[in-house]
Amino acid sequence: MGEKRKKVYEALVEGATQGISDRSLYDFVRSRCPKTSSKKLVRASLLALTDPDLKDRNILSTIYALAIKHRLDEVRVDEIDDEDDDDPKELAPSVSRRPDGSSAGDLPA
């Protein structure tokens, strides 16, 4: 895990553990990690959601809600930072495309 993502993760979990949520949690994380982008926040949230040591439903729900909110944010030009990515040019697979190259719309009715 990248050092920057780890710091965001730690701030996110600490804030959620203290009962901070929504915009206040975002502000808490940004105060600890001023250069945090929505993309890094979402990735750190996913790490927290998959952490087997985090079992408190309220903490997980708070982190999940923040991740969803910021996942839907439009990426701003000043937030583009792919240095922590394994392959920044790799795109997520499209749900509408099948492995054979046909689309879901090509299926017979």
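Remember, it's a predicted structure, so these values are computed and weren't measured experimentally.

Among the residues of helix α2 (residues 22-32), Leu 25, Tyr 26, Phe 28 and Val 29 are the ones counted as buried. Around the axis of α2, the buried residues are gathered within 160° of arc, so they sit on the same side. Those residues of α2 hidden inside the fold are in contact with α1 (3-17), α3 (38-49) and α4 (57-71).

What follows concerns the packing of α2 against α4. At a minimum axis separation of 10 Å, α2 and α4 run at an interaxial angle of 85°. Considered as vectors, α2 and α4 are oriented roughly perpendicular to each other. Along its contact with α2, which presents Asp 22, Leu 25 and Tyr 26, the element α4 presents Thr 62, Leu 66, Lys 69 and His 70. Residue composition of the contact of α2 with α4, grouped by class: three nonpolar, two polar and two charged.

Another aspect to go through is the nonpolar core. Leu 12, Val 29, Leu 41 and Ile 63 are the most contacted members of the largest nonpolar core, which has 17 residues in total. Those elements giving two or more residues to this core turn out to be α1, α2, α3 and α4. The dominant element in this core, judged by the number of residues it contributes, is α1, at six residues. Setting aside residues up to four positions removed in sequence, Leu 41 forms contacts with Val 8, Leu 12, Tyr 26, Val 29, Thr 36, Leu 66 and His 70.

Another aspect to go through is the layout of surface pockets. To find leftover empty space, a probe the size of one water molecule is rolled over the atoms. Within this model, the second largest pocket holds a volume of roughly 160 Å³. Lys 4, Cys 33, Pro 34, Lys 35 and Thr 36 are, among the 10 residues lining the second largest pocket, the residues nearest its centre. Counting residues per element, the lining of the second largest pocket draws most heavily on α1, which supplies three residues. Class assignment of the residues belonging to the lining of the second largest pocket gives a composition of three nonpolar, one polar and six charged.

Thresholds applied
Residues numbered from 1 in each chain as written. Predicted model: local features only at pLDDT ≥ 70, side-chain atom pairs only at ≥ 80, totals over all residues. Heavy atoms only, no water. Buried < 20%, exposed > 50% of the residue type's maximum accessible area, 1.4 Å probe, protein only. Helix = DSSP H or I, 4+ residues; strand = E, 2+ residues; numbered from the N terminus. Arc of directions from axis to C-beta. Contact = heavy atoms within 4.5 Å. Axes fitted to C-alpha atoms, helices over the stretch in contact; angles between N-to-C directions. Parallel < 35°, antiparallel > 145°, perpendicular 65-115°, else oblique. Nonpolar A, V, L, I, M, F, W, Y, C, P; charged D, E, K, R; others polar. Core = buried A, V, L, I, M, F, W, Y, C linked by side-chain atoms within 4.5 Å. 1 Å grid on protein atoms, 1.4 Å probe; cavity = no way out; pocket = protein on both sides within 12 Å on 5 of 7 lines; lining within 4 Å. Points joined across faces, edges and corners; volume = space filled by probe spheres on them.

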